[in-house]
Amino acid sequence: KPPFDKKEVRLAINYAIDREAIVKGLYGGFGTPAVNPMPPTLWGYNQSVVAYPHDPAKAKELLAQAGLPNGFKTVLWAMNGPRPYMPDPLKIGEAIQSDLKAVGIDASLHTVEWGTYLDQTQHGKHEMCLMGWTGDNGDPDNFLYTLLDKEAAKIPAQNIAFYRSDPLHDLLVKAQEESDVAQRTALYEQAQVIVHDDAPWVPIAYMTQLAAFDKRVHGYLLNPTGKVRFHKTWIEPGA
């Protein structure tokens, strides 16, 4: 949707948002600033991609190049409660709102209950929104294809940026058809460069998984796919 169809606007938003300050202030020590749309713990992650720095002056310059020297008004959707990948979406939304305001983008916050939030973002009712993902199977395809391929932009969409890139699609399909891990890795590294350059997202943070147990519980291991498995867990007897 205009004005987000202009790459300069998407880049401006990336330069406007201070990821490091958000993670430091609102993730309680359990997150790291994000760069790519998949976590660095996953094979195929492209270490050579460098995050857009927090640079409000650059953001204003890009908005002017987009024909928006005075900025614009928009709506930022934020979830109404914590998610496994985002401890306090409304406060994070407020921090982003403040960063955007500093470069001339006036973003009002909007929230609805979680089920409605999912349904409406999957149907493209939003302009900007917060969202996150926990990988299902430990494969880069589950991030890059599931969340960013043009086929995933069909309603009800998982690609809620409604970003469509033929070069990205070609790489991701080729990676699906390839069995060699080294070649798949190279394809996914190229895919992350395309996504970074096109800037359909502002990657905010990689969240550390958390779980709290009674001190008598032993052997529980957090699973990177978010699955809960107790087969190696035991409880120390006694009060």
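Scope of this entry: the structure provided in the associated data block. Bear in mind that the values here come from a model prediction, so they are computed numbers and not experimental data.

**Details of the side chain of Asp 149**
Following the sequence through the fold, Asp 149 ends up in the loop between α6 (141-148) and α7 (166-177). Salt bridges are absent for the buried Asp 149, whose nearest opposite-charge side chain, Lys 150, sits at 7.0 Å. Within polar-contact distance, the side chain of Asp 149 engages the backbone nitrogen of Glu 151 at 2.9 Å. Look past the residues within four positions of Asp 149 in its chain and what remains in contact with it is Leu 144, Asn 159, Tyr 163, His 169 and Leu 172.

**Considerations on the pattern of salt bridges**
Evaluation of the coordinates by the stated rule reveals 5 salt bridges. Lys 154 is paired through a salt bridge with Glu 151; the nearest N and O atoms lie 2.6 Å apart. We note a salt bridge from Arg 216 to Asp 214, for which the minimum N-O separation is 3.1 Å. Judged by relative accessible area, Arg 216 falls into the partly exposed class, the value being 28%. Under the relative-accessibility criterion, Asp 214 is labelled partly exposed at 41%.

**So, the packing of α7 against helix α8 (residues 181-198)**
Between two packed helices, what matters for the description is the angle formed by their axes and the separation of those axes. Packing of α7 against α8 leaves a shortest axis separation of 9 Å and a crossing angle of 160 degrees. The angle between the axes of α7 and α8 places the two elements in the roughly antiparallel class. For the pair α7 and α8, the sense of crossing is left-handed. In contact with Pro 167, Leu 168, Leu 171, Leu 172, Lys 174, Ala 175 and Gln 176 of α7, α8 contributes Arg 184, Leu 187, Tyr 188, Gln 190, Ala 191, Ile 194 and Val 195. Its residues assigned to classes, the contact of α7 with α8 comprises 10 nonpolar, 2 polar and 2 charged.

**Focus on the packing of aromatic side chains**
Counting across every chain of the model gives 8 aromatic pairs. Plain terms: the ring middles of Tyr 220 and Phe 230 are 5.3 Å apart, the flat faces sit at 35 degrees to each other, and that makes the pair tilted. Highlighted residues: Tyr 220 in the loop between β6 (217-218) and β7 (234-235) and Phe 230 in the loop between β6 and β7, separated in sequence by 10 residues. Assessed through its relative accessible area of 49%, Phe 230 is described here as partly exposed. Lying over the aromatic face of Trp 114, Arg 83 brings its terminal NZ or CZ to 3.9 Å of the ring centre.

**Notes on unusual backbone geometry**
Among all residues except glycine, the phi angle is most often negative; among peptide bonds, the trans geometry is most common. Of note, the bond from Pro 2 into Pro 3 is cis; its omega dihedral lies within 30 degrees of zero at 0 degrees. Summarising the element assignment, Pro 3 is placed in the segment before α1 (7-16). Between Ile 155 and Pro 156 the backbone carries a cis peptide bond, its omega angle lying at 0 degrees. Along the chain, the position of Pro 156 falls in the loop between α6 and α7.

**Points about empty space enclosed by the protein**
This model, assessed by the stated rule, comprises 1 cavity of 30 Å³ or more. Considering only enclosed or pocket space, the largest cavity measures out at about 100 Å³ in volume. Lining the largest cavity, in full, are Asn 14, Arg 19, Val 35, Pro 37, Ala 51, Tyr 52, Val 195, His 196, Ala 199, Pro 200, Trp 201 and Pro 203. Broken down by class, the residue content of the lining of the largest cavity amounts to 9 nonpolar, 2 polar and 1 charged.

**Brief notes about the pairing of strand β3 (residues 105-110)**
On a regular strand, one side chain projects to one face of the sheet and the next to the other, so that they alternate. Here strand β2 (residues 72-77) pairs with β3 via 6 bridges, running parallel. Looking across to β3, one finds that Phe 72 is bridged to Ile 105. Handedness of the crossover is the feature at issue here: the chain leaves β2, passes through helix α4 (residues 89-101), returns alongside β3, and the resulting connection is right-handed.

**A closer look at the environment of Tyr 206**
Locating Tyr 206 in the fold gives a position in strand β5 (residues 205-207). Take Tyr 206: its relative accessible area is 13%, and that puts it in the buried class. Separated by 121 residues in the primary sequence, Tyr 206 and Tyr 85 have C-alpha atoms spaced 7.2 Å apart. Beyond its immediate stretch of four places on either side in the chain, Tyr 206 contacts Phe 30, Gly 31, Thr 32, Pro 33, Ala 34, Val 35, Asn 36, Met 38, Pro 39, Pro 40 and Tyr 45. Among the polar contacts listed, one links the side chain of Tyr 206 to the backbone oxygen of Met 38, at a separation of 3.3 Å.

**Brief notes about the sheet that holds strand β4 (residues 128-129)**
Taken in spatial order, the 3 strands line up as β3-β2-β4 in an open sheet, and their pairing is parallel. In this open sheet, the two strands that pair with only one neighbour each are β3 and β4. Direction of pairing for β2 relative to β4: parallel, over a ladder of 2 bridges. Among the inter-strand pairings, Trp 77 is bridged to a residue of β4, identified as Cys 129. Helix-sheet contacts for α4 involve β2, β3 and β4, and the interaxial angle to β3 is about 165 degrees.

What counts and how
Residues numbered from 1 in each chain as written. Predicted model: local features only at pLDDT ≥ 70, side-chain atom pairs only at ≥ 80, totals over all residues. Heavy atoms only, no water. Helix = DSSP H or I, 4+ residues; strand = E, 2+ residues; numbered from the N terminus. Buried < 20%, exposed > 50% of the residue type's maximum accessible area, 1.4 Å probe, protein only. Lys, Arg positive; Asp, Glu negative; His and termini not counted. Salt bridge = Lys/Arg side-chain N within 4 Å of Asp/Glu carboxyl O. Polar contact = N/O pair within 3.5 Å; in protein donor to acceptor, adjacent residues only side chain to side chain. Contact = heavy atoms within 4.5 Å. Axes fitted to C-alpha atoms, helices over the stretch in contact; angles between N-to-C directions. Parallel < 35°, antiparallel > 145°, perpendicular 65-115°, else oblique. Left-handed = near helix turned anticlockwise from the far one by under 90°. Nonpolar A, V, L, I, M, F, W, Y, C, P; charged D, E, K, R; others polar. Phe/Tyr/Trp six-rings, centres within 6.5 Å; stacked < 30°, edge-to-face > 60°. Lys NZ or Arg CZ within 6 Å of the ring centre and 35° of its normal. 1 Å grid on protein atoms, 1.4 Å probe; cavity = no way out; pocket = protein on both sides within 12 Å on 5 of 7 lines; lining within 4 Å. Points joined across faces, edges and corners; volume = space filled by probe spheres on them. Pairing = 2+ DSSP bridges. Right-handed = clockwise from strand over helix to strand, strands pointing away.

Purely geometric numbers; function is a separate question.
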